[in-house]
There are 2 protein chains.
Amino acid sequence: MTEQRSTNKPDRRAELRERLLSAGREAIAAGGLQNLKARDLAAAAGCAVGAIYNVFDDLDELILRIGSRTLARLAQVLAAPAAGPSPDAADELVRLARGYLDFARAHKLLWRALFEHRLSGGRAVPSWFLEDQNRLFALLDAPLARLLPGEPAPARAQLARTLFSAVHGVVSLGLEEKLAPMPAETLDAQLECLVRAFAAGLQDRD
Amino acid sequence: MTEQRSTNKPDRRAELRERLLSAGREAIAAGGLQNLKARDLAAAAGCAVGAIYNVFDDLDELILRIGSRTLARLAQVLAAPAAGPSPDAADELVRLARGYLDFARAHKLLWRALFEHRLSGGRAVPSWFLEDQNRLFALLDAPLARLLPGEPAPARAQLARTLFSAVHGVVSLGLEEKLAPMPAETLDAQLECLVRAFAAGLQDRD
């Protein structure tokens, strides 16, 4: 009896976490971060409001865990095609940037929540979340290594973050409503222009 | 008497607008957009809450007008030094990007509010606000014209927006807390690397 309870309790906790993560993901996908309310989550997951805080430290942790899964899905979508010869490095960087844009278009509110959410009280983002981000930057490492064979790995890691940030800027100002609206083809062309010019300019420098 | 009233009324309206804009700016600079409350603004400006809506359509307009002034101050800070020979085009683009980063560092919450604010009900940003943005992009036009003498003006305008967006991405992910923290010198170096590689790559293409 005691044994059964001790094996079941973690399962029930894991199931409740799963139901809350799924309800939270749906709430953000439907109406953005401001649509995430503890009371609605508890109702959707069939638990008391207080039970949320038995399985998550706070709503910030729940939001970060949802973000972590968004990043994992993005990394999966962007992963290089399995077979075939290695593509030209600049073509591969364009493919990754374009994949990022497509993902942001298709999952706009979940993607926006990744950047909009801020931890209350100025707390630092936990290391497990930063590792999820690093797995994304790491996708840029192989094409950057082919582009710049002489570049040491730490410098490549900096370039990956720089390129990701620049691509993110074009995608985010292109998709959000703060600048003049932009036709989809123009945004696609801007992104390709950025990545190709950056890649060519880096090679020049080498 | 009637005449006096008719000349004074616009003055009083203009003064109230000014006091509300100034109170709003201080509230955002002190605690971000979420610190902007109609009740506090009215108290700071010495008017009734309802009087705000006599001089602004709504709080969205007030926020956009504050943003417009932030953009004007940024454009002023970035304007090219008056005298002396034209600098190298890439150096001038680096100077502008660096000026943008410095402004964002110095006025972090006012700068963040420019991008964080979204109009309620999916309304489009008014054209006067887009013109303020265009004045900023226009600062990139002269160095881009020197860099790419053969490029037609509409293509240069697209490049200015692409470069601004890319620079904004590096600045914004570098200054916000969502990615691993970054020392100031590393961010400065990333930004310069982005602008120089992009400029060199564009010249290659020409």
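The structure displayed is predicted, hence computed values, not measured ones.

### Some thoughts on the relation of the copies chain A and chain B
So, point 1. When chain A is fitted onto chain B, the two copies agree to an RMSD of 0.0 Å after a turn of 180° and an axial shift of 0.0 Å. Given the turn and translation reported, the copies of this chain are related as if by a two-fold rotation axis.
So, point 2. In this assembly the copies share their binding face: 98% of the residues contributing to the interface of chain A also contribute to that of chain B.

### Describing the interface of chain A and chain B
So, point 1. Contacts between the two partners involve 42 residues from chain A and, on the opposite side, 41 residues from chain B.
So, point 2. Contact with chain B buries surface across chain A, with Arg118(A), Arg161(A) and Lys178(A) losing the most and accounting together for 22% of the total.
So, point 3. At the boundary of chain A with chain B, the tally comes to 4 salt bridges.
So, point 4. The partner of Arg118(B) in a salt bridge is Glu176(A), and the shortest N-O contact between them spans 3.5 Å.
So, point 5. Along the contact surface separating chain A from chain B lie 10 residue pairs in polar contact (both at pLDDT 80 or more).
So, point 6. If you list the elements that add at least two residues to the side of chain A that touches chain B, you get α6 (108–116), α7 (127–138), α9 (153–175) and α10 (184–205) of chain A.
So, point 7. Counting residues per element, the side of chain A that touches chain B draws most heavily on α9(A), which supplies 12 residues.

### Things to note about the environment of Arg13(A)
Residues and elements named next belong to chain A.
So, point 1. By secondary structure assignment, the location of arginine 13 is in helix α1 (residues 2–31).
So, point 2. Non-local contacts of arginine 13, meaning those with residues more than four positions away in its chain, are made with Asn54 and Val55.
So, point 3. At 2.9 Å, the side chain of arginine 13 forms a polar contact with the backbone oxygen of asparagine 54.

### Some points on the domain arrangement of chain A
Residues and elements named next belong to chain A.
So, point 1. Segmenting chain A into domains produces domain 1 (1–56) and domain 2 (67–205).
So, point 2. Between the C-alpha centres of domain 1 and domain 2 there is a distance of 31 Å.
So, point 3. Opposite the 10 residues of domain 1 that make contact, domain 2 presents 7 residues.
So, point 4. Across the interface of domain 1 and domain 2, roughly 680 Å² is buried in total on both sides, 63% from carbon and sulfur atoms.
So, point 5. Of all residues in domain 1, Arg25, Ile28 and Leu33 bury the most surface against domain 2, accounting for 62% of the area lost on that side.
So, point 6. Where domain 1 touches domain 2, the interface holds 1 salt bridge.
So, point 7. In this structure, glutamate 18 engages arginine 69 in a salt bridge whose closest nitrogen and oxygen atoms are separated by 2.7 Å.
So, point 8. The tally of links from domain 1 across to domain 2 stands at 1 residue pair in polar contact (both at pLDDT 80 or more).
So, point 9. For the side of domain 1 that touches domain 2, a count of residues per class yields 5 nonpolar, 3 polar and 2 charged.

Here is what the cut-offs are and how they apply
Residues numbered from 1 in each chain as written. Chains lettered and ligands numbered in written order. Predicted model: local features only at pLDDT ≥ 70, side-chain atom pairs only at ≥ 80, totals over all residues. Heavy atoms only, no water. Least-squares fit on C-alpha atoms with pLDDT ≥ 70 in both. Contact = heavy atoms within 4.5 Å. Buried area = accessible area lost by both parts, 1.4 Å probe. Salt bridge = Lys/Arg side-chain N within 4 Å of Asp/Glu carboxyl O. Polar contact = N/O pair within 3.5 Å; in protein donor to acceptor, adjacent residues only side chain to side chain. Helix = DSSP H or I, 4+ residues; strand = E, 2+ residues; numbered from the N terminus. Domains from an automatic or database assignment. Nonpolar A, V, L, I, M, F, W, Y, C, P; charged D, E, K, R; others polar.

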